[in-house]
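Here's the letter readout for the chains.
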Amino acid sequence: MDWTLPHLPTLLSQVWTKLEEGCQDSDNPWHTPVLGTLNRNRPALRVMILRAVEATARVLVCYSDNRASKVRQILSVPQVEWLFYDRVAGLHLRASGTAAIHHVNSVTQAAWKHKPVINHLQYLSPLAPGTGLPAAVPVAESDLHETELAYRNFAVIVTVVNSFDLLIVGATKDQRASFTWDGEKFVPQWMVP
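Predicted model only: the values in this text are computed from it and were never measured.

Of all hydrophobic cores here, the largest spans 33 residues; its most connected members are Trp-16, Leu-19, Leu-60, Trp-82, Phe-84 and Phe-164. At the level of elements, helix H1 (8–24), strand S4 (59–65), helix H2 (69–76), strand S5 (79–86), strand S6 (91–103), strand S7 (154–169) and strand S8 (174–181) are the ones that each hand at least two residues to this core. Here this core takes seven residues from H1, the largest share from any one element. In contact with Phe-84, not counting residues within four places along its chain, are Leu-19, Trp-30, Pro-33, Leu-50, Leu-60, Leu-91, His-92, Leu-93 and Ala-95. In terms of nonpolar packing, the next biggest core, distinct from the first, is built from eleven residues, Val-59, Tyr-123, Ala-150 and Val-156 among them.

Let's shift gears to unusual backbone geometry. Its identity as a non-glycine residue notwithstanding, Arg-58 has a phi of 60°, on the positive side. As for its position among the elements, Arg-58 is in the loop between strand S3 (52–54) and S4. Looking at Arg-58, the relative accessible area reads 12%, which means it is buried. Phi angles above zero are rare outside glycine, and Val-104 is one such case at about 50°. Inspection of the secondary structure assignment puts Val-104 in the loop between S6 and helix H3 (106–114).

This paragraph deals with H3. Those residues of H3 lying buried are Thr-108, Ala-111 and Trp-112. Each buried residue of H3 sits inside an arc of 105° when the element is viewed along its axis, so together they form one side. Every exposed residue of H3 that faces more than 90 degrees away from the buried side is listed here: Ser-106, Lys-113 and His-114. The N-cap residue of H3 is Asn-105: its side-chain oxygen and the backbone nitrogen of Val-107 are 3.0 Å apart.

Along the polypeptide, Ser-64 turns up in strand S4. There is a polar contact of 3.5 Å between the side chain of Ser-64 and the side chain of Lys-70. Every residue in contact with Ser-64, bar those within four places of it in the chain, is listed here: Lys-70, Val-71, Tyr-123, Asn-153, Phe-154, Ala-155 and Ile-157.

Moving on, we come to H2. Within H2 the residues assigned to the buried category are Lys-70, Val-71, Gln-73 and Ile-74. The buried residues of H2 occupy an angular sector of 165° when projected down its axis, which confines them to one face. Within H2, the exposed residues directed more than 90 degrees away from the buried face are Arg-72, Leu-75 and Ser-76. Residues of H2 that are buried in the fold lie against strand S1 (34–39), strand S2 (42–47), S4, S5, S6 and S7.

Following the criterion strictly, the structure yields seven salt bridges and no others. Between Arg-67 and Asp-65 there is a salt bridge, with the nearest N and O atoms lying 2.9 Å from each other. A relative accessible area of 8% places Asp-65 in the buried class. The residue Asp-165 makes a salt bridge to Arg-94 at a minimum N-O spacing of 2.8 Å. Placement of the pair is Asp-165 in strand S7 and Arg-94 in strand S6, with a sequence separation of 71 residues. Under the relative-accessibility criterion, Asp-165 is labelled buried at 14%.

The next point concerns the packing of aromatic side chains. A complete count under the given rule lists ten aromatic pairs for this structure. Ring centres of Tyr-123 and Phe-154 lie 5.2 Å apart, and the angle between their planes is 80°; this geometry places the pair in the edge-to-face category. Of this pair, Tyr-123 sits in the loop between helix H4 (117–120) and helix H5 (146–151) while Phe-154 sits in strand S7; the two residues are 31 residues apart in sequence, bridging distant segments of the chain. Overall, the relative accessible area of 0% leaves Phe-154 in the buried class. Joined through ring pairs, the aromatic side chains of Tyr-63, Trp-112, Tyr-123, Tyr-151 and Phe-154 make up one cluster. For Lys-18, the ring lying beneath its charged end belongs to Trp-30, and the centroid distance is 5.3 Å. The positively charged end of Arg-58 is found above the aromatic ring belonging to Trp-181, 4.0 Å away from the centroid.

What counts and what doesn't
Residues numbered from 1 in each chain as written. Predicted model: local features only at pLDDT ≥ 70, side-chain atom pairs only at ≥ 80, totals over all residues. Heavy atoms only, no water. Core = buried A, V, L, I, M, F, W, Y, C linked by side-chain atoms within 4.5 Å. Buried < 20%, exposed > 50% of the residue type's maximum accessible area, 1.4 Å probe, protein only. Helix = DSSP H or I, 4+ residues; strand = E, 2+ residues; numbered from the N terminus. Contact = heavy atoms within 4.5 Å. Arc of directions from axis to C-beta. Polar contact = N/O pair within 3.5 Å; in protein donor to acceptor, adjacent residues only side chain to side chain. Salt bridge = Lys/Arg side-chain N within 4 Å of Asp/Glu carboxyl O. Phe/Tyr/Trp six-rings, centres within 6.5 Å; stacked < 30°, edge-to-face > 60°. Lys NZ or Arg CZ within 6 Å of the ring centre and 35° of its normal.

Interpretation in functional terms is not warranted from these geometric data alone.
Here it is in structure tokens:
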């Protein structure tokens, strides 16, 4: 891709293509972006796996344990930021938007069916992520099958993107562009790097 094109709509199209490539290729640097939430009065950052991209709906998707702190943070303050970085290509992308948590609904059912069964195990812990380990881990007692127990802890985080801030670090000059959703379309603007 030619990231030096001066035509902003083409640049926005390339951003969505790069995001889709990041979603599909685990070796792509945009496969593992950073997701930022607000934890009371301070930012909270973590590396996530980009699971789905839908350009026409302006959507970025990742998965989480429903008991994770990021889920509580998003439920409290749904504004989030994603940071994508490709050192080799010299691309920095911030995507700001509004996130929603999906839990035990049609969105999570569809995502759950596409996950390899082995990956279901990460949602089976009786303890929430970030919990200190006790001397003995409690045993989950339930009549439910392990897959159903894991699914009950599974959540899908869907972010609707409201703006992009793209920095292209070049050999001779840097370029920066913003794309802000106005309710109908992304409004592009070149920015001072």
